[in-house]
Amino acid sequence: MTQTRLGNATARSSVITPHSRGEVSTLLKAIVDAGVALKLRDAIYELRMSPLDLRDATLQELPEAGIDLLTLVKDAESLLPLCKNEASPYFCGFGDTGADAAALAGGLLDLFCQQNLINQSFDAPVATFVEIAVLRWLRDLIGYISPMVANVRSVWDVGGIVTTGGTMSNTVAMMLARERRSPGTMQRGVTDPSAHGIVVPKGIGHYSVKAAGTWVGTGAHVIEVPTRGFGYDLEQLDRALVEHAGQVMAVVAYAGDSRTQTIDDLRGIADTVRRRDPKIWLHADACWGLIASFSPALAGRLAGIDTFDSVTVDPHKVMNIPYSLSALLVRDPGVLRTVSSYSDLIMQEDFAFGQVTPFVGTKGWGSLKLWAMMRAHGRSGLAGLAEDRISRALEFCRLIDASPKLIRLHDPHLAAVAFCYLPDGDVERVNYVNKAIHERMLAECRWHVHTFTLPDDNGHIQQGSQVQALRFMANNPRTSTAHMEELIDYIHAVGRAVDVETPNSIKEGV
Ligand SMILES: *Cc1c(COP(=O)(O)O)cnc(C)c1O
């Protein structure tokens, strides 16, 4: 019955009209079912093809004739076996599952609503205020004080913007830093790029900050400060500020860096920087660290973040929110005026977000999925989510620590656990074997953990060396203890196998 109705639908009726209502609903329900099945699929991938085979199978001319909706559903579903499923319990590599039911519901509704947050009055009458509410919830979590509701009279009283990702949020933060350092650059352009250095922790900083400098015209003037325990070494930070006095526009700290998710000593950093130069823009990248703010038991780790000028948060990394959704929050809401743009196409009205969102014109209602998620969970639900992830990370730590062949590289602050398989031999061999484990894992497709190089700050393998780490991420509630045990067994088995194949030149340390 369903099939006939869909099968009879013509391309013409694929727009929603009173006449096509039933067909369109059936189509969309079929897609929702396929999406839910994808999330519940155990396999990360069901089918793997080389990029070139995918290219040849996919890059085809647009056919002259359209297809009926039933065929369309089938065609779309045929892509899914080739898609990665981050909600698989075997995917322990990166961010989040995007599987929160309320967030998915909010995201689906957003697709239908076609609100445009560039303007408020006629484009996004209530959506604008839902977005403001969410931004205020996020501000509250990290400890920023917001104006009383009665004093929210324009977008310049909100203190944040919703963006497409942490990269965009960090980029806008660097624009703000640039305007603080050289007011009026928005109009005049950059005249002295070398005075706009960005201080980052060496080997830890996320590439987006350096990229932001290139995008906002201040150049790739990144000043790297050595780390200790995967965060800033405060003495070295102080030294760098003295050495580069007058050349720094921003210091970027990490509330959860993108490798070990270590939370910097935010209070110590703020004190150090303000003592040397109170004009320097202090930015906290809390893409991962946001979750610590959910739980009173964990929030102490973020102490001092509320004194930073701006904070990036990435709900699509830590709240099971479908891609993509980030926010930049600023301590002083009015500061967004310094990067505002004016056009007679954007309403000069109080609540038009188009005035405060650099790089963006038409702006969808992505915040609806975050609003739905936060409403559904409430404060206590968010606390539970954070605590659950941290306890799962600690559980994984216990399993690592119980194995003489595995070594943990840090005490996790959040959900990331970085570790190495330990063959007999020096750092070169450790790195060779761990890289080989990861390659084999990717080729076999059953499990996924991430890999990257890391300064061995805690000297677990060899102080001062760069080590090839593997990383488990405890973000997925479907990854049970049994899965973790199975993963550890798997890494042991692959580690043994690749170690045997280590070339003699590396074994002998030549
Ligand atoms: C992921 C990440 C970013 C970039 O965020 P996107 O959402 O990928 O654009 C920035 N900083 C850190 C620490 C990250 O982990």
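Above this text is the structure in question.
Fair warning: this is a prediction, and the values are worked out from it, not measured in the lab. (Residues numbered from 1 in each chain as written. Predicted model: local features only at pLDDT ≥ 70, side-chain atom pairs only at ≥ 80, totals over all residues. Heavy atoms only, no water.)

J.: Would you mind showing me how to read the overall build of the protein here?
T.: Counting its secondary structure elements, the protein contains 16 helices and 13 strands. Relative to the compact-globule value of 24 Å for 510 residues, the protein shows a C-alpha radius of gyration of 25 Å, a close match. Buried residues in the protein amount to 52% of all 510 residues. Of the contacts formed within the protein by residues at least 6 apart in sequence, a portion of 73% connects residues at least 24 apart. Put simply, the protein shows about 22,700 Å² of open surface, and 56% of that area lies on carbon and sulfur atoms. Between the mean site of the 48 positive side-chain charges and the mean site of the 57 negative ones, the protein shows a separation of 3 Å. (Helix = DSSP H or I, 4+ residues; strand = E, 2+ residues; numbered from the N terminus. Rg over C-alpha atoms; globule rule 2.2 N^0.38 Å. Buried < 20%, exposed > 50% of the residue type's maximum accessible area, 1.4 Å probe, protein only. Contact = heavy atoms within 4.5 Å. Areas by Shrake-Rupley, 256 points an atom, 1.4 Å probe, with all protein chains shown as cover. Lys, Arg positive; Asp, Glu negative; His and termini not counted. Charge placed at Lys NZ, Arg CZ, Asp CG, Glu CD.)

J.: Please clarify how the layout of surface pockets should be interpreted in this entry.
T.: Leftover empty space is mapped by rolling, across the atoms, a probe with the size of a water molecule. There is about 1,100 Å³ of room inside the largest pocket. Looking at the lining of the largest pocket, the elements that each hand over two or more residues are α2 (21-40), α4 (69-77) and α5 (101-113). When residues of the lining of the largest pocket are assigned to their parent elements, the largest contribution, 10 residues, is made by α2. By residue class, the composition of the lining of the largest pocket is 21 nonpolar, six polar and seven charged. What the second largest pocket holds in volume is close to 420 Å³. Surrounding the second largest pocket, 22 residues form its lining, Phe 94, His 206, Tyr 207, Ser 258 and Lys 317 being those nearest its centre. Of all the elements in the fold, those that place two or more residues in the lining of the second largest pocket are α7 (166-181), α9 (207-215), α12 (315-318) and β12 (450-455). (1 Å grid on protein atoms, 1.4 Å probe; cavity = no way out; pocket = protein on both sides within 12 Å on 5 of 7 lines; lining within 4 Å. Points joined across faces, edges and corners; volume = space filled by probe spheres on them. Nonpolar A, V, L, I, M, F, W, Y, C, P; charged D, E, K, R; others polar.)

J.: In this structure, what is going on with the site of the ligand? I would like to understand it.
T.: Around the ligand sit 15 residues in total, of which Thr 167, Asp 285, Asp 314, His 316 and Lys 317 are the nearest. Note that an oxygen atom of the ligand is positioned 2.8 Å from one of the side-chain N or O atoms of His 316. Here an oxygen atom of the ligand and a side-chain polar atom of Lys 317 are 2.9 Å apart. Out of a free accessible area of 380 Å², the ligand has 89% covered by protein chains. (Near = heavy atom within 4 Å. Polar contact = N/O pair within 3.5 Å; in protein donor to acceptor, adjacent residues only side chain to side chain.)

J.: Help me out: how do you make sense of a nonpolar patch on the surface in this one?
T.: Together, Ile 16, Leu 28, Val 32, Val 36, Leu 40, Leu 108, Leu 109, Leu 111 and Phe 112 make up a nonpolar patch on the protein surface, roughly 850 Å² of accessible area in all. Listing elements by their share of the nonpolar patch, those giving two or more residues are α2 and α5. Along the chain, Val 36 turns up in helix α2. (Patch = residues over 30% accessible without salt bridge, like charges linked within 9 Å, V, L, I, M, F, W, Y side chains within 5 Å. Salt bridge = Lys/Arg side-chain N within 4 Å of Asp/Glu carboxyl O.)

J.: I tried to follow the pairing of strand β1 (residues 160-163) on my own but got confused; where do I start?
T.: If a strand is regular, its side chains alternate between the two faces of the sheet. The side-chain alternation of β1 yields two buried faces, one formed by Gly 160 and Val 162 and the other by Ile 161 and Thr 163. Here β1 pairs with strand β9 (residues 326-330) via four bridges, running antiparallel. In the strand pairing of β9, Gly 160 is matched with Leu 329. (Pairing = 2+ DSSP bridges.)

J.: Teacher, can you tell me more about the environment of Leu 470 here?
T.: Along the chain, Leu 470 falls in strand β13 (residues 466-473). For the pair formed by Leu 470 and His 316, sequence separation is 154 residues and the distance between their alpha carbons is 22 Å. Residues contacting Leu 470, with those up to four places away along its chain left out, are Val 417, Ala 418, Phe 419, Asn 434, Ile 437, His 438, Val 449, His 450 and Thr 451.

J.: Mind showing me how you'd approach α5 here?
T.: Side chains of residues three or four places apart in an α-helix project in the same direction, reflecting 3.6 residues per turn. The end-to-end C-alpha separation of α5 is 18 Å, in line with the 18 Å expected for 13 residues at 1.5 Å each. Every buried residue belonging to α5 is among Ala 102, Ala 103, Gly 106, Gly 107 and Asp 110, and all of these are buried. End-on view of α5: buried residues confined to an arc of 135°, all on one side of the axis. The outward face of α5, more than 90 degrees from its buried face, is lined by the exposed residues Ala 101, Leu 111 and Phe 112. Buried positions along α5 lie against α13 (367-401). With a side-chain oxygen lying 3.1 Å from the backbone nitrogen of Ala 102, the N-terminal cap of α5 falls on Asp 100. The first or second residue beyond α5 is Gln 114, which carries a positive phi of 50°. (Expected span 1.5 Å × (residues − 1). Arc of directions from axis to C-beta.)

J.: How do you make sense of the packing of α5 against α13 when you look at a structure like this?
T.: The axes of two packed helices give the description: the angle between them and the distance between them. Put simply, α5 and α13 touch, their axes get as near as 7 Å, and they point 150° apart. In this view, α5 runs roughly antiparallel relative to α13, as classed from their interaxial angle. Judged by the twist between their axes, the crossing of α5 over α13 is right-handed. Between α5 and α13, the contacting residues are Ala 102, Ala 103, Gly 106, Gly 107, Leu 109 and Asp 110 on the first element and Leu 368, Lys 369, Ala 372, Met 373 and Ala 376 on the second. Considered class by class, the residues forming the contact of α5 with α13 number seven nonpolar, two polar and two charged. (Axes fitted to C-alpha atoms, helices over the stretch in contact; angles between N-to-C directions. Parallel < 35°, antiparallel > 145°, perpendicular 65-115°, else oblique. Left-handed = near helix turned anticlockwise from the far one by under 90°.)

J.: Looking at this structure, I do not really get the nonpolar core. What am I missing?
T.: Looking at soluble globular proteins, one finds that nonpolar side chains tend to be buried together. Within the largest apolar cluster, 92 residues are counted, with the highest numbers of intra-cluster contacts made by Leu 138, Val 251 and Met 319. The contacts of Met 319, once residues within four sequence positions are left out, are Asp 96, Asp 100, Leu 290, Phe 294, Leu 370, Met 373, Met 374, Leu 382 and Arg 389. If you look at the next biggest cluster of nonpolar residues, it comprises 31 residues, including Tyr 90, Ile 400, Ala 415 and Tyr 421. (Core = buried A, V, L, I, M, F, W, Y, C linked by side-chain atoms within 4.5 Å.)

J.: How do you make sense of empty space enclosed by the protein when you look at a structure like this?
T.: Counting across every chain of the model gives one cavity of 30 Å³ or more. What the largest cavity holds in volume is close to 50 Å³. Taken together, Glu 86, Phe 91, Cys 92, Gly 93, Phe 94, Gly 95, Asp 96, Thr 97, Met 473, Asn 475 and Asn 476 make up the lining of the largest cavity. Its residues assigned to classes, the lining of the largest cavity shows four nonpolar, five polar and two charged.

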